[in-house]
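Take a look at the letters that make up each chain.
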Amino acid sequence: MADVVLKNVSKVFQGGVVAVDEASIEVADREFLVLVGPSGCGKSTFLRMIAGLEDATSGEIYIDGRRVDDVAPKDRDIAMVFQNYALYPHMSVYENMAFGLKLRKYPKEEIKARVNDAAQILGIEELLDRKPKALSGGQRQRVAVGRAIVRKPKVFLFDEPLSNLDAKLRVQMRTEISKLHSRLQATMVYVTHDQIEAMTMGDRIVVLKDGLIQQVADPMTLYDSPVNRFVAGFIGSPAMNFIEAKVIKDGGLYLDEGTFRANVPIRVEKALEPHVDKDVIFGVRPEAIHEKISGEPGDHWVGIKTKVEVVEPMGNETIIYVTTGNTPIVARLITRRDIKPDSDIDLFLDMRRVQFFDPLDEKTIV
(Lines give C-alpha, C1' and ligand atoms only; values in the text may rest on other atoms or scores of the structure.)
Protein backbone atom coordinates (compact mmCIF):
# COMPACT_ATOMS: atom_id res chain seq x y z
CA MET A 1 0.00 0.00 0.00
CA ALA A 2 1.02 3.65 -0.06
CA ASP A 3 0.55 7.10 1.38
CA VAL A 4 -1.02 10.02 -0.52
CA VAL A 5 0.15 13.61 -0.08
CA LEU A 6 -1.42 16.78 -1.48
CA LYS A 7 0.51 20.03 -1.12
CA ASN A 8 -1.30 23.33 -1.70
CA VAL A 9 -3.53 21.81 -4.37
CA SER A 10 -6.11 24.03 -6.08
CA LYS A 11 -8.61 23.48 -8.84
CA VAL A 12 -10.13 26.44 -10.66
CA PHE A 13 -12.65 25.70 -13.39
CA GLN A 14 -13.42 27.84 -16.41
CA GLY A 15 -15.07 31.08 -15.36
CA GLY A 16 -13.00 31.33 -12.19
CA VAL A 17 -15.03 28.83 -10.15
CA VAL A 18 -12.77 27.61 -7.33
CA ALA A 19 -13.61 23.98 -6.52
CA VAL A 20 -10.61 23.27 -4.27
CA ASP A 21 -8.57 26.05 -2.68
CA GLU A 22 -4.97 25.50 -1.49
CA ALA A 23 -5.69 22.09 0.04
CA SER A 24 -2.92 20.23 1.86
CA ILE A 25 -3.47 16.80 3.36
CA GLU A 26 -1.48 13.65 4.10
CA VAL A 27 -3.17 10.25 3.92
CA ALA A 28 -1.10 7.75 5.87
CA ASP A 29 -0.28 4.27 4.57
CA ARG A 30 -3.25 1.93 5.25
CA GLU A 31 -5.42 4.79 6.55
CA PHE A 32 -9.15 5.10 5.83
CA LEU A 33 -9.65 8.82 5.17
CA VAL A 34 -13.12 10.23 4.53
CA LEU A 35 -13.84 13.50 2.71
CA VAL A 36 -17.20 14.88 3.79
CA GLY A 37 -19.16 18.03 3.12
CA PRO A 38 -22.32 19.37 1.47
CA SER A 39 -22.95 19.12 -2.26
CA GLY A 40 -20.65 21.41 -4.24
CA CYS A 41 -17.97 21.64 -1.55
CA GLY A 42 -15.25 20.15 -3.81
CA LYS A 43 -14.87 16.68 -2.32
CA SER A 44 -15.39 14.74 -5.58
CA THR A 45 -13.04 17.12 -7.41
CA PHE A 46 -10.51 16.47 -4.65
CA LEU A 47 -10.79 12.72 -5.29
CA ARG A 48 -10.69 13.04 -9.08
CA MET A 49 -7.44 15.02 -8.86
CA ILE A 50 -5.86 12.19 -6.87
CA ALA A 51 -7.08 9.77 -9.55
CA GLY A 52 -5.85 11.99 -12.38
CA LEU A 53 -9.32 12.43 -13.87
CA GLU A 54 -9.01 16.18 -13.19
CA ASP A 55 -5.81 18.17 -13.58
CA ALA A 56 -4.87 20.31 -10.59
CA THR A 57 -4.58 24.01 -11.43
CA SER A 58 -1.70 24.30 -8.97
CA GLY A 59 0.00 22.32 -6.23
CA GLU A 60 1.65 18.90 -5.98
CA ILE A 61 0.21 15.38 -5.61
CA TYR A 62 2.29 12.42 -4.44
CA ILE A 63 1.38 8.72 -4.27
CA ASP A 64 3.83 6.45 -2.47
CA GLY A 65 6.44 9.21 -2.56
CA ARG A 66 6.19 9.68 -6.33
CA ARG A 67 4.91 12.94 -7.76
CA VAL A 68 2.01 12.13 -10.08
CA ASP A 69 0.72 15.54 -11.26
CA ASP A 70 1.57 14.71 -14.89
CA VAL A 71 1.10 10.93 -14.65
CA ALA A 72 -1.83 9.38 -16.54
CA PRO A 73 -4.60 7.82 -14.38
CA LYS A 74 -3.78 4.30 -15.60
CA ASP A 75 -0.19 4.69 -14.39
CA ARG A 76 -0.98 5.98 -10.88
CA ASP A 77 -1.72 2.48 -9.50
CA ILE A 78 -5.07 3.48 -8.03
CA ALA A 79 -8.52 1.93 -8.32
CA MET A 80 -11.71 3.98 -8.18
CA VAL A 81 -15.24 2.92 -7.28
CA PHE A 82 -17.87 5.26 -8.70
CA GLN A 83 -21.32 6.28 -7.53
CA ASN A 84 -23.00 4.81 -10.62
CA TYR A 85 -20.98 1.52 -10.56
CA ALA A 86 -19.75 2.04 -14.18
CA LEU A 87 -20.19 -1.63 -15.14
CA TYR A 88 -20.19 -2.78 -18.77
CA PRO A 89 -23.76 -4.00 -19.41
CA HIS A 90 -22.80 -6.48 -22.16
CA MET A 91 -20.19 -8.25 -20.00
CA SER A 92 -20.73 -10.81 -17.27
CA VAL A 93 -19.69 -10.09 -13.68
CA TYR A 94 -16.55 -12.16 -14.24
CA GLU A 95 -15.69 -10.24 -17.41
CA ASN A 96 -16.31 -6.89 -15.71
CA MET A 97 -13.98 -7.81 -12.86
CA ALA A 98 -11.33 -9.24 -15.19
CA PHE A 99 -11.41 -6.48 -17.79
CA GLY A 100 -8.72 -4.25 -16.30
CA LEU A 101 -6.37 -7.19 -15.82
CA LYS A 102 -6.89 -8.33 -19.43
CA LEU A 103 -5.95 -4.87 -20.67
CA ARG A 104 -2.73 -5.17 -18.69
CA LYS A 105 -2.16 -8.60 -20.28
CA TYR A 106 -2.09 -10.63 -17.06
CA PRO A 107 -1.96 -14.43 -17.57
CA LYS A 108 -5.39 -16.08 -17.70
CA GLU A 109 -4.73 -18.24 -14.64
CA GLU A 110 -3.73 -15.24 -12.53
CA ILE A 111 -6.81 -13.33 -13.69
CA LYS A 112 -9.02 -16.26 -12.75
CA ALA A 113 -7.37 -16.59 -9.33
CA ARG A 114 -7.70 -12.87 -8.57
CA VAL A 115 -11.33 -12.68 -9.67
CA ASN A 116 -12.27 -15.77 -7.68
CA ASP A 117 -10.46 -14.46 -4.57
CA ALA A 118 -12.24 -11.11 -4.81
CA ALA A 119 -15.60 -12.78 -5.42
CA GLN A 120 -15.09 -14.94 -2.33
CA ILE A 121 -14.20 -11.92 -0.18
CA LEU A 122 -17.36 -10.13 -1.30
CA GLY A 123 -19.66 -13.15 -1.32
CA ILE A 124 -20.55 -12.91 -5.02
CA GLU A 125 -19.17 -16.24 -6.32
CA GLU A 126 -22.62 -17.30 -7.55
CA LEU A 127 -23.02 -14.08 -9.56
CA LEU A 128 -19.96 -14.40 -11.81
CA ASP A 129 -21.94 -15.58 -14.86
CA ARG A 130 -24.68 -12.95 -14.60
CA LYS A 131 -24.98 -9.66 -16.46
CA PRO A 132 -25.28 -6.39 -14.49
CA LYS A 133 -28.97 -5.98 -15.46
CA ALA A 134 -29.75 -9.16 -13.51
CA LEU A 135 -28.21 -7.78 -10.31
CA SER A 136 -29.63 -5.67 -7.49
CA GLY A 137 -28.07 -2.33 -6.58
CA GLY A 138 -26.14 -3.87 -3.70
CA GLN A 139 -24.83 -6.68 -5.89
CA ARG A 140 -23.71 -4.23 -8.56
CA GLN A 141 -21.85 -2.23 -5.93
CA ARG A 142 -20.07 -5.38 -4.75
CA VAL A 143 -19.03 -6.09 -8.34
CA ALA A 144 -17.68 -2.55 -8.69
CA VAL A 145 -15.68 -2.99 -5.48
CA GLY A 146 -14.50 -6.41 -6.66
CA ARG A 147 -13.23 -4.91 -9.90
CA ALA A 148 -11.11 -2.56 -7.79
CA ILE A 149 -9.86 -5.34 -5.49
CA VAL A 150 -8.52 -7.54 -8.30
CA ARG A 151 -6.20 -4.75 -9.37
CA LYS A 152 -4.42 -4.82 -5.97
CA PRO A 153 -3.78 -1.08 -6.27
CA LYS A 154 -1.73 1.11 -3.97
CA VAL A 155 -4.76 3.30 -3.20
CA PHE A 156 -8.54 2.74 -3.32
CA LEU A 157 -10.72 5.75 -4.11
CA PHE A 158 -14.48 5.68 -3.41
CA ASP A 159 -16.74 8.41 -4.82
CA GLU A 160 -20.06 8.29 -2.92
CA PRO A 161 -20.40 4.55 -3.64
CA LEU A 162 -23.47 3.97 -1.46
CA SER A 163 -25.64 6.96 -2.34
CA ASN A 164 -27.82 4.97 -4.79
CA LEU A 165 -28.68 2.25 -2.27
CA ASP A 166 -31.66 2.12 0.08
CA ALA A 167 -31.11 2.97 3.75
CA LYS A 168 -30.87 -0.61 5.07
CA LEU A 169 -28.50 -1.75 2.33
CA ARG A 170 -26.38 1.37 2.81
CA VAL A 171 -25.80 0.44 6.47
CA GLN A 172 -24.89 -3.12 5.45
CA MET A 173 -22.50 -2.02 2.70
CA ARG A 174 -20.65 0.52 4.84
CA THR A 175 -20.01 -2.29 7.32
CA GLU A 176 -18.75 -4.49 4.47
CA ILE A 177 -16.38 -1.76 3.22
CA SER A 178 -15.03 -1.20 6.73
CA LYS A 179 -14.41 -4.94 7.10
CA LEU A 180 -12.78 -4.96 3.68
CA HIS A 181 -10.40 -2.19 4.75
CA SER A 182 -9.36 -4.19 7.80
CA ARG A 183 -8.88 -7.35 5.73
CA LEU A 184 -6.91 -5.76 2.90
CA GLN A 185 -4.98 -3.30 5.09
CA ALA A 186 -5.39 -0.88 2.21
CA THR A 187 -5.06 2.88 1.86
CA MET A 188 -8.56 4.18 1.15
CA VAL A 189 -9.91 7.66 0.42
CA TYR A 190 -13.69 7.80 0.60
CA VAL A 191 -16.01 10.66 -0.45
CA THR A 192 -19.49 11.07 1.01
CA HIS A 193 -22.01 13.79 1.83
CA ASP A 194 -23.42 11.59 4.63
CA GLN A 195 -21.81 12.53 7.94
CA ILE A 196 -23.03 9.29 9.56
CA GLU A 197 -21.03 7.33 6.97
CA ALA A 198 -18.05 9.55 7.69
CA MET A 199 -18.27 9.12 11.46
CA THR A 200 -18.71 5.34 11.38
CA MET A 201 -16.12 4.51 8.70
CA GLY A 202 -13.21 6.95 8.80
CA ASP A 203 -9.98 6.76 10.78
CA ARG A 204 -9.83 10.49 10.09
CA ILE A 205 -12.30 12.85 8.47
CA VAL A 206 -11.67 15.90 6.28
CA VAL A 207 -14.57 18.37 6.52
CA LEU A 208 -14.84 20.58 3.41
CA LYS A 209 -16.85 23.71 2.71
CA ASP A 210 -16.67 25.79 -0.47
CA GLY A 211 -13.41 24.12 -1.51
CA LEU A 212 -11.68 24.88 1.79
CA ILE A 213 -10.62 22.33 4.39
CA GLN A 214 -12.37 23.28 7.64
CA GLN A 215 -10.94 20.61 9.94
CA VAL A 216 -9.11 17.28 9.77
CA ALA A 217 -9.44 14.99 12.77
CA ASP A 218 -10.68 11.65 14.04
CA PRO A 219 -14.47 11.32 14.36
CA MET A 220 -14.76 11.95 18.11
CA THR A 221 -12.48 15.01 18.01
CA LEU A 222 -14.73 16.50 15.32
CA TYR A 223 -17.76 15.74 17.46
CA ASP A 224 -16.36 16.99 20.78
CA SER A 225 -14.04 19.80 19.62
CA PRO A 226 -15.21 21.35 16.34
CA VAL A 227 -13.12 24.34 15.22
CA ASN A 228 -16.09 26.37 14.00
CA ARG A 229 -19.85 26.53 13.79
CA PHE A 230 -19.98 24.85 10.37
CA VAL A 231 -18.16 21.71 11.56
CA ALA A 232 -20.22 21.64 14.76
CA GLY A 233 -23.47 21.83 12.78
CA PHE A 234 -22.44 19.37 10.08
CA ILE A 235 -21.18 16.58 12.35
CA GLY A 236 -23.88 14.91 14.42
CA SER A 237 -27.47 13.89 13.68
CA PRO A 238 -29.79 15.57 14.48
CA ALA A 239 -27.64 18.67 14.08
CA MET A 240 -26.38 20.78 16.96
CA ASN A 241 -28.71 23.50 18.24
CA PHE A 242 -27.36 27.06 18.08
CA ILE A 243 -28.71 29.59 20.57
CA GLU A 244 -27.90 33.31 20.66
CA ALA A 245 -27.27 34.84 24.08
CA LYS A 246 -25.58 37.83 25.68
CA VAL A 247 -22.70 37.38 28.12
CA ILE A 248 -23.42 39.39 31.26
CA LYS A 249 -21.45 39.91 34.45
CA ASP A 250 -23.45 39.94 37.63
CA GLY A 251 -21.06 38.71 40.27
CA GLY A 252 -20.30 35.74 38.03
CA LEU A 253 -20.69 35.31 34.28
CA TYR A 254 -24.08 34.42 32.85
CA LEU A 255 -25.67 33.77 29.46
CA ASP A 256 -28.88 35.70 28.95
CA GLU A 257 -31.01 34.26 26.14
CA GLY A 258 -34.02 36.38 26.93
CA THR A 259 -36.30 33.61 28.14
CA PHE A 260 -33.74 31.92 30.39
CA ARG A 261 -30.41 32.65 32.07
CA ALA A 262 -27.55 30.13 32.40
CA ASN A 263 -24.32 30.07 34.38
CA VAL A 264 -21.21 30.19 32.19
CA PRO A 265 -19.31 26.91 32.74
CA ILE A 266 -16.11 27.40 34.76
CA ARG A 267 -14.00 25.88 31.97
CA VAL A 268 -14.83 28.76 29.59
CA GLU A 269 -15.13 31.70 32.00
CA LYS A 270 -11.70 33.09 31.06
CA ALA A 271 -12.37 32.71 27.33
CA LEU A 272 -15.73 34.51 27.60
CA GLU A 273 -14.48 37.45 29.72
CA PRO A 274 -13.69 39.53 26.57
CA HIS A 275 -17.28 38.94 25.41
CA VAL A 276 -19.02 40.56 28.42
CA ASP A 277 -21.99 42.65 27.21
CA LYS A 278 -21.62 41.09 23.76
CA ASP A 279 -23.56 38.37 21.98
CA VAL A 280 -22.20 34.86 21.57
CA ILE A 281 -23.63 31.69 20.07
CA PHE A 282 -23.68 28.57 22.17
CA GLY A 283 -24.28 25.16 20.71
CA VAL A 284 -25.87 22.23 22.48
CA ARG A 285 -26.38 18.84 20.91
CA PRO A 286 -29.86 17.24 20.97
CA GLU A 287 -28.56 14.37 23.11
CA ALA A 288 -27.29 16.86 25.74
CA ILE A 289 -30.89 17.97 26.40
CA HIS A 290 -32.89 15.98 28.95
CA GLU A 291 -36.43 15.82 30.22
CA LYS A 292 -35.43 14.60 33.66
CA ILE A 293 -32.28 15.04 35.74
CA SER A 294 -31.14 13.72 39.09
CA GLY A 295 -30.96 16.44 41.74
CA GLU A 296 -31.70 20.12 41.27
CA PRO A 297 -30.77 22.47 38.38
CA GLY A 298 -27.52 24.25 39.11
CA ASP A 299 -24.20 25.03 37.49
CA HIS A 300 -24.38 21.98 35.20
CA TRP A 301 -28.08 21.95 34.35
CA VAL A 302 -30.23 24.80 33.09
CA GLY A 303 -33.99 24.43 32.96
CA ILE A 304 -35.93 25.90 30.04
CA LYS A 305 -39.64 26.06 29.31
CA THR A 306 -40.55 25.03 25.77
CA LYS A 307 -43.53 24.35 23.53
CA VAL A 308 -43.57 21.17 21.44
CA GLU A 309 -44.04 21.59 17.69
CA VAL A 310 -43.19 18.20 16.13
CA VAL A 311 -42.68 14.76 17.67
CA GLU A 312 -40.76 11.92 15.98
CA PRO A 313 -41.08 8.64 17.92
CA MET A 314 -38.12 6.38 17.02
CA GLY A 315 -38.92 3.38 19.24
CA ASN A 316 -36.02 3.48 21.68
CA GLU A 317 -36.00 7.29 21.76
CA THR A 318 -38.10 10.29 20.82
CA ILE A 319 -36.90 13.32 18.89
CA ILE A 320 -38.87 16.48 19.59
CA TYR A 321 -38.78 19.86 17.90
CA VAL A 322 -39.60 22.63 20.36
CA THR A 323 -39.32 26.40 20.75
CA THR A 324 -38.30 28.53 23.70
CA GLY A 325 -39.24 32.11 22.97
CA ASN A 326 -38.36 32.43 19.27
CA THR A 327 -35.49 29.92 19.41
CA PRO A 328 -36.06 26.51 17.74
CA ILE A 329 -34.47 23.54 19.53
CA VAL A 330 -34.23 19.83 18.74
CA ALA A 331 -33.95 17.36 21.63
CA ARG A 332 -33.26 13.64 21.59
CA LEU A 333 -34.98 12.09 24.59
CA ILE A 334 -34.56 8.54 25.84
CA THR A 335 -38.26 8.02 26.41
CA ARG A 336 -41.20 6.15 24.94
CA ARG A 337 -43.91 8.27 26.55
CA ASP A 338 -46.52 9.92 24.38
CA ILE A 339 -45.52 13.58 23.94
CA LYS A 340 -48.15 15.66 22.15
CA PRO A 341 -47.56 18.57 19.74
CA ASP A 342 -48.60 21.97 21.18
CA SER A 343 -47.93 20.72 24.72
CA ASP A 344 -45.57 22.49 27.14
CA ILE A 345 -42.50 20.64 28.35
CA ASP A 346 -39.65 21.55 30.71
CA LEU A 347 -36.22 20.55 29.42
CA PHE A 348 -32.73 20.74 30.89
CA LEU A 349 -29.54 21.70 29.03
CA ASP A 350 -26.29 20.00 30.10
CA MET A 351 -23.96 23.01 30.18
CA ARG A 352 -20.91 20.73 30.54
CA ARG A 353 -21.37 19.76 26.89
CA VAL A 354 -21.97 23.21 25.41
CA GLN A 355 -19.72 24.73 22.70
CA PHE A 356 -19.32 28.49 22.23
CA PHE A 357 -18.88 30.37 18.93
CA ASP A 358 -18.03 33.94 18.00
CA PRO A 359 -21.01 35.34 16.03
CA LEU A 360 -18.71 37.34 13.73
CA ASP A 361 -16.24 34.76 12.42
CA GLU A 362 -18.16 31.70 13.75
CA LYS A 363 -14.93 30.19 15.15
CA THR A 364 -15.06 28.20 18.35
CA ILE A 365 -14.35 30.19 21.51
CA VAL A 366 -11.94 27.94 23.40
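As shown above, the structure is provided for reference.
The following refers to the structure shown. (Residues numbered from 1 in each chain as written. Predicted model: local features only at pLDDT ≥ 70, side-chain atom pairs only at ≥ 80, totals over all residues. Heavy atoms only, no water.)

1. Focus: the overall build of the protein chain
Thought 1: In terms of regular secondary structure, the protein chain is built from nine helices and 20 strands.
Thought 2: When the backbone C-alpha atoms are referred to their principal axes, the protein chain occupies close to 80 × 50 × 35 Å.
Thought 3: The burial tally for the protein chain puts 50% of its 366 residues in the buried class.
Thought 4: Put simply, the protein chain shows about 17,800 Å² of open surface, and 48% of that area lies on carbon and sulfur atoms.
Thought 5: Positive and negative charge centroids in the protein chain, built from 49 and 54 side chains respectively, lie 7 Å apart. (Helix = DSSP H or I, 4+ residues; strand = E, 2+ residues; numbered from the N terminus. Buried < 20%, exposed > 50% of the residue type's maximum accessible area, 1.4 Å probe, protein only. Areas by Shrake-Rupley, 256 points an atom, 1.4 Å probe, with all protein chains shown as cover. Lys, Arg positive; Asp, Glu negative; His and termini not counted. Charge placed at Lys NZ, Arg CZ, Asp CG, Glu CD.)

2. Focus on the sheet that holds strand 3 (residues 32–36)
Thought 1: The strand order across the open sheet built from six strands is 6-7-8-3-9-10, with neighbouring strands paired in mixed fashion. In this open sheet, the two strands that pair with only one neighbour each are strand 6 (78–81) and strand 10 (212–217). The average undirected angle you get between the axes of adjacent strands in this sheet is 15 degrees.
Thought 2: Note that strand 3 and strand 8 (residues 187–192) share five bridges and pair parallel. In the strand pairing of strand 8, valine 36 is matched with threonine 192.
Thought 3: In the packing of helix 4 (residues 137–149) onto the sheet, the strands contacted are strand 6 and strand 7 (155–159), and the crossing angle to strand 6 comes to about 175 degrees.
Thought 4: Contacts between helix 5 (residues 167–184) and the sheet are confined to strand 3, strand 7 and strand 8, with strand 8 contributing the most and set at about 165 degrees to the helix. (Pairing = 2+ DSSP bridges. Axes fitted to C-alpha atoms, helices over the stretch in contact; angles between N-to-C directions. Contact = heavy atoms within 4.5 Å.)

3. Examining helix 1 (residues 43–51)
Thought 1: Counted residue by residue, helix 1 has seven buried out of nine residues, so it is predominantly covered.
Thought 2: Residues Lys43, Thr45, Phe46, Leu47, Met49, Ile50 and Ala51 constitute the buried set of helix 1.
Thought 3: Residue glycine 52 follows helix 1 closely and has a positive phi angle near 90 degrees.

4. Observations concerning the pattern of salt bridges
Thought 1: Counted according to the given criterion, the structure contains 19 salt bridges.
Thought 2: The partner of lysine 11 in a salt bridge is glutamate 54, with the nearest N and O atoms 3.7 Å apart. With lysine 11 in strand 1 (residues 4–13) and glutamate 54 in the loop between helix 1 and strand 4 (58–63), this pair connects stretches of sequence that are 43 residues apart.
Thought 3: In this structure, lysine 340 engages aspartate 338 in a salt bridge whose closest nitrogen and oxygen atoms are separated by 2.8 Å.
Thought 4: One network of salt bridges, with partners in common, ties together Lys11, Arg48 and Glu54. (Salt bridge = Lys/Arg side-chain N within 4 Å of Asp/Glu carboxyl O.)

5. Section: the packing of helix 2 (residues 93–103) against helix 4
Thought 1: Contact geometry for helix 2 and helix 4: axes closest at 8 Å, N-to-C directions at 30 degrees. Put simply, helix 2 runs roughly parallel to helix 4. In terms of crossing hand, the pair formed by helix 2 and helix 4 is right-handed. On helix 4, the residues that touch Val93, Asn96 and Met97 of helix 2 are Val143, Gly146 and Arg147. (Parallel < 35°, antiparallel > 145°, perpendicular 65-115°, else oblique. Left-handed = near helix turned anticlockwise from the far one by under 90°.)

6. Considering the nonpolar core
Thought 1: Met97, Phe158, Tyr190 and Val207 are the most contacted members of the largest nonpolar core, which has 48 residues in total.
Thought 2: Leave out the neighbours within four places in its chain, and methionine 97 touches Val115, Ala118, Ala119, Ile124, Leu128, Val143, Gly146, Arg147 and Val150.
Thought 3: Among the nonpolar cores identified, the runner-up in size contains 32 residues, and Leu255, Phe260, Ile345 and Phe356 belong to it. (Core = buried A, V, L, I, M, F, W, Y, C linked by side-chain atoms within 4.5 Å.)

7. With respect to helix 5
Thought 1: Counted at 1.5 Å a residue, the expected span for helix 5 with its 18 residues is 26 Å, and the 26 Å between its end C-alpha atoms agrees.
Thought 2: Residues of helix 5 that are buried: Leu169, Met173, Arg174, Ile177, Leu180 and His181. Angularly, the buried residues of helix 5 cover 135 degrees about the axis, an arc narrow enough to put them on a single face. Exposed residues pointing more than 90 degrees away from the buried face of helix 5 are listed as Lys168 and Arg183.
Thought 3: Glutamine 185 sits one or two positions beyond helix 5 and adopts a positive phi of about 50 degrees. (Expected span 1.5 Å × (residues − 1). Arc of directions from axis to C-beta.)

8. Topic: the sheet that holds strand 11 (residues 241–250)
Thought 1: Taken together, five strands build an open sheet; the order of strands is 13-12-11-14-20 and the sheet is antiparallel. The open sheet has two edge strands with one neighbour each: strand 13 (261–263) and strand 20 (355–357). Taken pair by pair, the neighbouring strands of this sheet meet at an average axis angle of 40 degrees, ignoring direction.
Thought 2: Pairing between strand 11 and strand 14 (residues 279–284): six bridges, direction antiparallel. Its bridge partner being in strand 14, lysine 246 is matched across the sheet by aspartate 279.

Honestly, that's just the spatial picture; any functional story needs more than this.
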